[in-house]
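# Notes for the structure review
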Amino acid sequence: MDIRPADLKDPELLKLFSEHDAHMLDFLGEHRKYYTPYSQAENIGRAWIVYADGRPAGCAAYRERAEGVCELKRVFLRPEYRGRGISKELLRTVEGYARERGCRAVALDTNSALEPAVTLYKKAGYRVTLCEGQYIQMEKDLS
């Protein structure tokens, strides 16, 4: 496994973002109206691609949310790479970058129906800060 920073215009990264969007829209079904597909308006500051078996396996992104707080975005693994601990390494990579940037906390938004993701985040130390229906906000203190 190799995690590398990616240019936000990198075709491999954009393909992974597109696959993430397609997965989410399909998964959410009738709740898809609450999902926002990727656009440059998200103001992502940094993104990473994880390579496994020499192929792009997934991605994660970072953006500033408020002073001292950043946001974890677009965590995605292709199905054949799930269950190998790769997501944990992506989280560590983003969190390490956030610390370097002086962030004291990492926030994220997710959906309660994404049980494996919610479990991953909780095990990594994220706590629920808001829960409205299926919508969940979580945060991890980096201090």
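### Topic: the nonpolar core
Tyr62, Leu72, Ala98, Val106, Tyr121 and Tyr126 are the most contacted members of the largest nonpolar core, which totals 27 residues. Residue assignment for this core shows that the elements contributing at least two residues are β2 (46-52), β3 (55-66), β4 (69-77), α2 (86-100), β5 (105-111), α3 (115-123) and β7 (135-141). With 6 residues, the single largest contributor to this core is α2. The residues contacting Ala98, other than those within four sequence positions of it, are Tyr62, Cys70, Cys103, Val106 and Leu142. Counting 12 residues, the second largest nonpolar core, distinct from the first, contains Leu13, Ile44, Ile49 and Cys59.

### Re unusual backbone geometry
Phi at Asn43 is positive, roughly 55°, even though this residue is not glycine. Tracing the backbone through its elements, the reader meets Asn43 in the loop between α1 (11-28) and β2. Positive phi, close to 50°, is recorded for Arg74, a residue that is not glycine. Owing to a relative accessible area of 7%, Arg74 belongs among the buried residues under this scheme.

### Describing the side chain of Arg74
Structurally, Arg74 is set in strand β4. Side chain to side chain, Arg74 and Glu42 meet in a polar contact 3.0 Å long. Excluding residues that lie within four positions of it along the chain, Arg74 makes contacts with Phe17, His20, Asp21, Tyr35, Thr36, Pro37, Tyr38, Glu42, Ile44, Cys59, Ala60 and Ala61.

### Observations concerning the layout of surface pockets
Looking at the largest pocket, its volume works out to about 1100 Å³. Lining the largest pocket are 39 residues, and of these His20, Met24, Asp109, Thr110 and Leu114 lie nearest its centre. Considering every element that reaches the lining of the largest pocket, the biggest residue donor is β4, with 7 residues.

Scoring rules and cut-offs
- Residues numbered from 1 in each chain as written.
- Predicted model: local features only at pLDDT ≥ 70, side-chain atom pairs only at ≥ 80, totals over all residues.
- Heavy atoms only, no water.
- Core = buried A, V, L, I, M, F, W, Y, C linked by side-chain atoms within 4.5 Å.
- Buried < 20%, exposed > 50% of the residue type's maximum accessible area, 1.4 Å probe, protein only.
- Helix = DSSP H or I, 4+ residues; strand = E, 2+ residues; numbered from the N terminus.
- Contact = heavy atoms within 4.5 Å.
- Polar contact = N/O pair within 3.5 Å; in protein donor to acceptor, adjacent residues only side chain to side chain.
- 1 Å grid on protein atoms, 1.4 Å probe; cavity = no way out; pocket = protein on both sides within 12 Å on 5 of 7 lines; lining within 4 Å.
- Points joined across faces, edges and corners; volume = space filled by probe spheres on them.

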